[in-house]
Amino acid sequence: ALENENRRLTALLGLAQQTDDEVTVARIVGSSFEAPRRLATLSAGSAAGVAPGQSVRSPDGLIGRVLETGRWASRIMLITDAQSNVPVRLARDGTPALAHGRGDGTIELRTLEVGQNPFRRGDLLITSGIGGLYPPNIPVVVVTGHDGERAIGRPLADPSRMDYAIVQRIYQPAAAGPLDLARPGQPAPPDRAA
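Residues numbered from 1 in each chain as written. Predicted model: local features only at pLDDT ≥ 70, side-chain atom pairs only at ≥ 80, totals over all residues. Heavy atoms only, no water.

## What about the overall build of the chain?
If you tally the helices and strands in the chain, you get one helix and twelve strands. If you list the helices and strands of the chain from N to C, you get α-β-β-β-β-β-β-β-β-β-β-β-β. Counting the 194 residues in the chain, one finds 43% classified as buried. The contacts in the chain between residues at least 6 apart in sequence include a share of 57% that link residues at least 24 apart. Per element, the accessible surface of the chain, about 10,300 Å² overall, is 51% carbon and sulfur. (Helix = DSSP H or I, 4+ residues; strand = E, 2+ residues; numbered from the N terminus. Buried < 20%, exposed > 50% of the residue type's maximum accessible area, 1.4 Å probe, protein only. Contact = heavy atoms within 4.5 Å. Areas by Shrake-Rupley, 256 points an atom, 1.4 Å probe, with all protein chains shown as cover.)

## Section: the environment of T111
Assignment of secondary structure puts T111 in strand β8 (residues 107–111). In this structure, the C-alpha to C-alpha distance between T111 and L98, residues 13 residues apart in sequence, is 6.4 Å. Those residues in contact with T111 that sit more than four places away from it in its chain are T95, P96, A97, Q116, P118 and F119.

## Describing the sheet that holds strand β2 (residues 39–42)
Ordered by their spatial adjacency, six strands build a closed barrel running β1-β2-β5-β4-β3-β12, and the pairing between neighbours is antiparallel. In this sheet, neighbouring strand axes are inclined to one another by 45° on average, regardless of whether the strands run parallel or antiparallel. Where strand β1 (residues 22–31) lies against β2, three bridges are found, and the strand directions are antiparallel. Bridging from a neighbouring strand, S31 pairs with A40 of β2. (Pairing = 2+ DSSP bridges. Axes fitted to C-alpha atoms, helices over the stretch in contact; angles between N-to-C directions.)

## Let's talk about the confidence of the model for the chain
For the chain, per-residue confidence averages 81 on the pLDDT scale, and 76% of positions sit at 70 or higher. This stretch, residues 8–17, has a pLDDT under 50; its non-local contacts, to residues over four places away or in other chains, come to 16 contacts. (pLDDT = per-residue confidence, 0-100.)

## Topic: the side chain of T24
By secondary structure assignment, the location of T24 is in strand β1. Take T24: its relative accessible area is 15%, and that puts it in the buried class.

## Comments concerning the nonpolar core
Note that soluble globular proteins tend to have their nonpolar side chains buried in a common cluster. Counting residues in hydrophobic clusters, the biggest one holds 19 residues, and the most contacted among them are L62, V86, V88, L109, F119 and L125. Elements with a contribution of two residues or more to this core: β6 (85–90), β7 (96–101), β8 and β10 (139–147). Residues contacting V86, with those up to four places away along its chain left out, are L62, I79, A97, L98, A99, T127 and Y134. Residues L42, V50, M162 and V167 belong to the second largest nonpolar core, which totals 15 residues. (Core = buried A, V, L, I, M, F, W, Y, C linked by side-chain atoms within 4.5 Å.)

## Some words on the sheet that holds strand β9 (residues 124–127)
Strand order around the closed barrel formed by six strands is β6-β7-β8-β11-β10-β9, with antiparallel pairing between neighbours. Sheet twist, expressed as the mean angle between neighbouring strand axes with direction ignored, is 40°. Summarising the sheet, β9 and β10 pair through three bridges and their orientation is antiparallel. The residue bridging I126 from the neighbouring strand is P139, located in β10.

## Some words on unusual backbone geometry
Positive phi outside glycine occurs at N137, with the angle close to 75°. Mapped onto the elements of the fold, N137 is located in the loop between β9 and β10.

## Some points on the pairing of β10
As defined by bridge partners, β10 adjoins strand β11 (residues 150–155) across six bridges and the pair is classed as antiparallel. Bridge pairing in β11 places V142 opposite R154. Here β10 hands over to β11 after two residues, with G148 in that stretch at a positive phi of 70°.

## As for the pattern of salt bridges
In this structure the tally under the stated criterion is seven salt bridges. Note that R102 and D104 form a salt bridge whose closest N and O atoms lie 3.6 Å from each other. R102 sits in the partly exposed class, given a relative accessible area of 30%. By relative accessible area, D104 is classed as partly exposed at 42%. We note a salt bridge from E108 to R110, for which the minimum N-O separation is 3.0 Å. Through salt bridges with shared partners, one network takes in R92, D93 and D123. (Salt bridge = Lys/Arg side-chain N within 4 Å of Asp/Glu carboxyl O.)

Shown next as structure tokens:
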């Protein structure tokens, strides 16, 4: 029932999509659930083009990012890991937030605006693209409740229920590399309000 609800949410928003920045598709061969580290092992490494910083997702949503690679395997930090922070936005109205792993299988949601908690039970949060690692519009978490002033959610993608994952290129390569290798960006359009 939970898996069907996840699919319904992502299909409803049109976010379950084919990726055009796919590096490889690989099997998740193991994961750790010892608190607070939440890691998984992927059956593809540098030989398949996998590199640290790349995002890992399933059709249901974001799983995490590549932490380290070997030739034939990679370690993934899951979004529920206590060291994981993912820039997200509320799908309902675009409110920016940060999805912080709690190390217990849940995610804490922190708004970037001080003094307000705009999250409601059932709200969906998706990647914002800010920070450059994760491409925008990947489903991440659904709000399940509140713990005081903090909103708590569960990830939409559950690595323990899937066999394969998609590794995607870093959204903006300058986010993970030396600045001298960054390509020049497009200039901002002129401010017409002035």
